[in-house]
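# Structure at a glance
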Amino acid sequence: MTTAPTPVPTPAATDHSGGAGVSGTASATSPTVPAQRAPGRHTTGRRRLRPRAGGWLATVPLLAFFAISFGLPAVAIAIGAFTASSDAETGAGQFTTDNLTASVQGAYWTALLSSVKLSALTALLGTLIGLPIAQAVVTSRYKAVREAVLSASGVLANFGGLPLAFAFVATLGNAGELTKLLHLTDHGWSLYSFTGLTVVYLYFLVPLMVLSITPALDGLRVQWREAAHNNRATTLQYWRHVALPILFPSLLGGFVLLFGSAFAAYATAAAMVGATVPLISRSIADALSGNVLVGQGNLALALSLDMIVVAALVMAVYLPLQRRSARWLS
C-alpha cells in the first residue's frame, strides 16, 4: 500500500502563517491564504492610488481650461437667457422667461427648425457619402492614396467661411462657370437656396466624416470578415450583420460631429444666402446687432441656450452607444 507524500510547508509560508495557525497541507494546496495575502493587498492598493492621484493632477490644467472656456460662458448664457436685457425699456436686469418664450415662437422658431433640418440632412448625407470613401481608403493597397486622401480631407474639413462662399459663388452662382457651362439655371438650380446651402455644407462635412470614421474602420478585424466568408456569408450580409452593428456607434458619433459643425456654421451661410434661408445662427447675430428689434440683446442668449439644449440632446443619444462600440474596437 502506497501512501501519498506529506506536503512540506515552504519557509515563506511558515513565516507568514505564524506557526501553528495554518497547517502545512493547507499552505501547499490552497492557492491563496487570507492571512498571507492581506499585507500585500493593502500595499498594492496604496501603490495603485499614487499614479491615479498623479493622473488626476495632470488633468487639472485641462479641467481649468474647460471651466474657463466653456463653463463660465455657459453659466453666463443661462443667466442672461432668464434676465431682461440691460437696454430694455422696462425691468432691466430682472428675472424673466420672456426671452426663452420668444425664442421658440414666430420667426425664431422657424429659424431653429430650419437649422435643425439643414444640419440633420447634411450630416446624414455626409455620413452616407463619407463611409464608402473612408472604406476605400482603408482597404487601398497603396499607402500614398491613403495619405493623400486623409491629408486632403484634413485641409477641406477646415475650409469654410468667406473663402468657401466665394469659391461656390464663382463656380455655381448665378453667373458661375459651371452654371453657365451646364445651363443649370434652366433646370431650376439656385445656389442661394436650401439645396444650394446643402451642397456647400457637404464640401467640408464629407472630408470631416472621412477623418472621423477612418480609425473605426481600421479597428475592424480581418478575422471577422474571414469568419463570415467561411460561413458562406456574402459581402452584403457581412456588412449588415457584423460590420455595421459594430460601426453604428462610431457612425452615430460622426453624425453628431457633422451635425454640430453644420448647426454652428455661420460665416458661409451669412455671406452666401443672407436671410434667404432662416438659420438660428443668423438670428443670434441679428438679435445681438439690433437689426430686428432694439433691446433684445438677451434674446440672443436665449437662442444660444436653445442651441445648447439641442446639442445636449444629440450627445445624450451618442455617449451610451459610444461605450458599447469601444468594447469591440478596442
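Residues numbered from 1 in each chain as written. Predicted model: local features only at pLDDT ≥ 70, side-chain atom pairs only at ≥ 80, totals over all residues. Heavy atoms only, no water.

Where an unreviewed UniProt entry is consulted, the protein appears under the name ABC transporter permease, with the organism given as Kitasatospora herbaricolor. Under Sequence similarities (unreviewed entry), UniProt gives the following word-for-word description of the protein: "Belongs to the binding-protein-dependent transport system permease family. CysTW subfamily." The Subcellular location (unreviewed entry) field of the UniProt record for the protein holds the comment "Cell membrane". (UniProt positions renumbered as here; feature names shortened; annotations may be inferred.)

## Let's talk about the packing of helix 11 (residues 222-230) against helix 12 (residues 235-264)
A pair of packed helices can be characterised by two numbers: the angle between their axes and the separation between those axes. The N-to-C vectors of helix 11 and helix 12 enclose an angle of 140°; their axes lie 10 Å apart at closest approach. Viewed along their axes, helix 11 and helix 12 form a crossing whose handedness is right-handed. Counting all contacts with helix 11, which are made through Trp 224, Arg 225, Ala 228 and His 229, the residues of helix 12 involved are Thr 235, Tyr 238, Trp 239, Val 242 and Ile 246. Residues that form the contact of helix 11 with helix 12 fall into these classes: 6 nonpolar, 2 polar and 1 charged. (Axes fitted to C-alpha atoms, helices over the stretch in contact; angles between N-to-C directions. Helix = DSSP H or I, 4+ residues; strand = E, 2+ residues; numbered from the N terminus. Left-handed = near helix turned anticlockwise from the far one by under 90°. Contact = heavy atoms within 4.5 Å. Nonpolar A, V, L, I, M, F, W, Y, C, P; charged D, E, K, R; others polar.)

## Some remarks on the layout of surface pockets
Its volume calculated, the largest pocket comes out at about 300 Å³. Ser 69, Phe 70, Pro 73, Ala 74, Ile 77, Gly 260, Phe 263, Ala 264, Ser 304, Met 307, Ile 308 and Ala 311 are the residues that line the largest pocket. Contributions of two or more residues to the lining of the largest pocket are made by helix 4 (60-81), helix 12 and helix 15 (297-329). Within the lining of the largest pocket, the residues separate by chemical class into 9 nonpolar, 3 polar and no charged. (1 Å grid on protein atoms, 1.4 Å probe; cavity = no way out; pocket = protein on both sides within 12 Å on 5 of 7 lines; lining within 4 Å. Points joined across faces, edges and corners; volume = space filled by probe spheres on them.)

## Some thoughts on the UniProt feature "transmembrane region" (unreviewed entry) in the protein
When the UniProt feature table is mapped onto this chain, "transmembrane region" (unreviewed entry) is found at residues 56-82, 118-137, 149-169, 189-211, 246-279 and 299-321. Along residues 189-211 the backbone is 78% helical and 0% strand, and the end-to-end C-alpha distance reaches 30 Å. The span residues 246-279 is 74% helix and 0% strand, and its two end C-alpha atoms sit 35 Å from each other.

## Some words on the packing of helix 6 (residues 106-138) against helix 10 (residues 194-218)
Running from N to C, helix 6 and helix 10 point in directions that differ by 45°, and their axes come no closer than 6 Å. By the angle between their directions, the pair helix 6 and helix 10 is classed as oblique. Here helix 6 runs over helix 10; the crossing is right-handed. (Parallel < 35°, antiparallel > 145°, perpendicular 65-115°, else oblique.)

## Brief notes about the packing of aromatic side chains
According to the stated counting rule, one finds 8 aromatic pairs in the structure shown. Taken together, the ring pairs in this structure connect Phe 159, Phe 168 and Tyr 203 into an aromatic cluster. We note Lys 117 situated over the ring of Phe 194; from NZ or CZ to the ring centre the distance is 5.3 Å. (Phe/Tyr/Trp six-rings, centres within 6.5 Å; stacked < 30°, edge-to-face > 60°. Lys NZ or Arg CZ within 6 Å of the ring centre and 35° of its normal.)

## Some thoughts on a nonpolar patch on the surface
Taken together, the side chains of Leu 62, Phe 65, Phe 66 and Phe 70 make up a nonpolar region of the molecular surface, amounting to roughly 480 Å² of accessible area. Locating Phe 66 in the fold gives a position in helix 4. (Patch = residues over 30% accessible without salt bridge, like charges linked within 9 Å, V, L, I, M, F, W, Y side chains within 5 Å. Areas by Shrake-Rupley, 256 points an atom, 1.4 Å probe, with all protein chains shown as cover. Salt bridge = Lys/Arg side-chain N within 4 Å of Asp/Glu carboxyl O.)

## Observations concerning unusual backbone geometry
For His 183, which is not glycine, the phi torsion reads 55° and is therefore positive. Residue position: His 183 is located in the loop between helix 9 (177-182) and helix 10. A residue is classified by how much of its surface remains accessible, and His 183, at 48% relative accessible area, is partly exposed. Even without glycine at this site, Arg 232 takes up a positive phi of about 65°. With respect to the helices and strands, Arg 232 occurs in the loop between helix 11 and helix 12. Among the residues examined, Arg 232 registers a relative accessible area of 78% and is labelled exposed. (Buried < 20%, exposed > 50% of the residue type's maximum accessible area, 1.4 Å probe, protein only.)

## Here's the deal with the environment of Phe 194
Relative to the elements of secondary structure, Phe 194 occurs in helix 10. Owing to a relative accessible area of 23%, Phe 194 belongs among the partly exposed residues under this scheme. Along the chain, Phe 194 and Pro 278 lie 84 residues apart, while their C-alpha atoms are 9.3 Å from each other. Ignoring any residue separated from it by four or fewer positions in sequence, one finds Phe 194 in contact with Ser 114, Lys 117, Leu 118, Leu 121 and Val 277.

## A closer look at helix 10
Taking 1.5 Å of rise per residue, 25 residues should cover 36 Å, and helix 10 covers 35 Å from first to last C-alpha, within 8% of that figure. Remark: the principal bend of helix 10, roughly 35°, maps to Leu 202. (Expected span 1.5 Å × (residues − 1). Bend = angle between axes of the 7 residues up to and from the residue.)

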